[in-house]
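# Examination of the molecular architecture
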Amino acid sequence: MELTADVLTRVLAVCCGEELEEPVEALLYSRRYQPSFSPTLYAAWRNEGLPLNPALRYELDSQFERIERYRALAAVIDREVPGSTPFKGLEVAALYPADSTRHLNDLDYLADEPGLWRMCETLTGDGWDLHTATFLLLDGRLHVLACLRLPHADPFTLPYGVEVSTYVTLGDLAGVEPIVELPPRWREPAVKNLLMLLYERFEQPFRARDLVDSALLLPTVSDFAALWDEIDRLRLWPEYFELAALLERCELTAVPAAPRSRAVALARSRAGRARRRVTELRRPAGVTVRHLQRKLLFAGQSRVERRLWAFAGNRLDAGRALRAGLLCFGLPLPGVRPDVDTATVRERDGLTYVDTPSARFLLTAGEEVDEQDVEKLSDRAPGPAERPIGTRAPVG
C-alpha cells in the first residue's frame, strides 16, 4: 500500500468528516484534530516534491530521530529484560515504507513484576525518571503500570516515554473484562497489535493513524482463525465492525469478511457484555465511583459527573478505593528506596502507599495529593505502626 498524499488526505477526511481539497486544509485539520497523523502526512508531501517550511521539516525530522532513538532503546530492553513483550509502536512502524514515518509517543511493554522493576532500574540507571505508577487489584492480586520519562534535548518537544505493565489490557472496566496474561493466540504480532488497537477504541475514537496501522497490519495476518476466535471470545465485534467500515470508506485495503454475519456477531458481543455488567453489579461497594472513574478514563464525563468525581475522587480513601476495584494513581516519593522484592501495599496514619523495589508511591484515587502527606511519607522507613492492606496482594 502506497502512502501517497492523496490516500492520506482521504483517510483524514473520513476521520474528520470534512472535504479537504488543499494541503493547507489537511495541515490545519491534522494539527488540530489528528496530531498523531501529521508526520506521516508531512512525509508524503516531501516525497512528492511539495516543499515543506522549516517548522514542518523540523517536526518530520524529529519523528524520524525519535523512532531511531526508540529502536536503540528497544534493543537495550530486549537484552536487559528478556521475556518482556512490546505492543504496537515499533512493530507497526516497521510496516511503514522507509520514506514514510509513524508518530510514536512512547513504547508500551508487558512484563511480569520482576521484569517490570528490572526495566525501571535499567532506565532510571540511564537517566530516566520514574514518573508515575498506577495500581489495581485484579482477582485479588496487585498489578502495576509504571510510566517512565526522559526529557528531550529540545525543551519544546515531548519527552521520550516508556510504559510497562503487569497486565495486557484493562478492557473497558465494565462489560469487557481485563486480560492479565498474554493469550497464546496473541503471539503473532499482527494479531496482538490489531487486538490492542481494538481495545484502544474504549479510550478514544479510531484515529487516522489507527486506520493506516490497520491497513498495514491486516495483510500480514497469517492466522485469521486466531484473530476471529479472539475477537469473538473477547466480545470485540462492535469495535471490529466499526474499524472495518472506516477502512472500506477510506479504500485503504481489502477488509476480510468476518466468519459470521454482522448482526449475529454484534448480538453475541453485546449479550456477553451485558451479562458481565450484571455480574459486576453483584459487587455493590464502590459501584458509583467505579462508574465515574470508568467514564473519566474511557467515555468522557458529563459536567455533573465531573463535579461528582472531583468531589468524591479526592475524598475517597485510597485503601478503600483499591479494595473496591478502582485504579489508584501513585506519586513516587523522593529519597525513599524501600527494601522490598515486590510491590507491597501499606497503610499508615490514614495514608495508603506502595513500597516497591524502585520507589515508594503515595496512592490517591483522585487527581490530587496533599504536600503534607508527601512530606510525611518521604525519607522514612516502614515502622511498626503501619497496617497492611488485607488482600491477596503482597503485603508487609
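A brief structural summary. Since the model is a prediction, treat every value here as computed from it, not as a measurement.

### Overview of the nonpolar core
As a rule of thumb, soluble globular proteins bury nonpolar side chains together. One finds Trp-186, Leu-211, Ile-231, Leu-236 and Tyr-240 to be the most contacted residues of the largest nonpolar core, which totals 65 residues. If near-sequence neighbours (up to four positions away) are discounted, Trp-186 is found in contact with Val-168, Ile-179, Val-191, Lys-192, Leu-195, Met-196, Tyr-199, Glu-230, Arg-233 and Leu-234. Grouped together as the second largest cluster of nonpolar side chains are 43 residues, Leu-107, Leu-116, Leu-123 and Leu-363 included.

### Topic: the pairing of strand β2 (residues 106-110)
Along a regular strand, successive side chains alternate from one face of the sheet to the other. Summarising burial for β2: four of the five residues are buried, a large majority. Inspection of the sheet shows strand β1 (residues 85-87) paired to β2 by three bridges, in the antiparallel sense. For Phe-87, the partnering residue across the bridge sits in β2 and is Asp-108. As judged from the five bridges shared by β2 and strand β5 (residues 160-165), these two strands associate in the parallel manner. For Asp-106, the partnering residue across the bridge sits in β5 and is Gly-161.

### Quick word on the environment of Cys-120
Along the chain, Cys-120 falls in helix α6 (residues 113-124). Among the residues examined, Cys-120 registers a relative accessible area of 0% and is labelled buried. Once the C-alpha coordinates of Cys-120 and Leu-148 are considered, the two residues, 28 residues apart in sequence, prove to be 7.5 Å apart. Setting aside its immediate chain neighbours within four residues, Cys-120 contacts Leu-130, Ala-146, Leu-148 and Ser-358.

### Quick notes on the pairing of strand β4 (residues 141-150)
Summarising burial for β4: eight of the 10 residues are buried, a large majority. Here strand β3 (residues 129-138) pairs with β4 via nine bridges, running antiparallel. Bridging from a neighbouring strand, Ala-133 pairs with Ala-146 of β4. Joining the antiparallel neighbours β3 and β4 is a turn of two residues, in which Asp-139 adopts a positive phi near 50 degrees.

### Let's talk about the pattern of salt bridges
All chains considered together, the criterion is met by 21 salt bridges. In this structure, the salt-bridge partner of Glu-121 is Arg-337, at a minimum N-O distance of 2.4 Å. Of the two residues, Glu-121 sits in helix α6 while Arg-337 sits in the loop between β6 (328-332) and β7 (344-348), which places them 216 residues apart along the sequence. With relative accessibility at 53%, the residue Arg-337 sits in the exposed group. Between Arg-235 and Glu-177 there is a salt bridge; the shortest N-O distance is 2.7 Å. With a gap of 58 residues between them, Arg-235 in the loop between α9 (224-233) and α10 (237-250) and Glu-177 in the loop between β5 and α7 (189-199) connect regions that are remote in the sequence. Since its relative accessible area comes to 18%, Arg-235 is described here as buried. Under the relative-accessibility criterion, Glu-177 is labelled partly exposed at 21%.

The rules we used
Residues numbered from 1 in each chain as written. Predicted model: local features only at pLDDT ≥ 70, side-chain atom pairs only at ≥ 80, totals over all residues. Heavy atoms only, no water. Core = buried A, V, L, I, M, F, W, Y, C linked by side-chain atoms within 4.5 Å. Buried < 20%, exposed > 50% of the residue type's maximum accessible area, 1.4 Å probe, protein only. Contact = heavy atoms within 4.5 Å. Helix = DSSP H or I, 4+ residues; strand = E, 2+ residues; numbered from the N terminus. Pairing = 2+ DSSP bridges. Salt bridge = Lys/Arg side-chain N within 4 Å of Asp/Glu carboxyl O.

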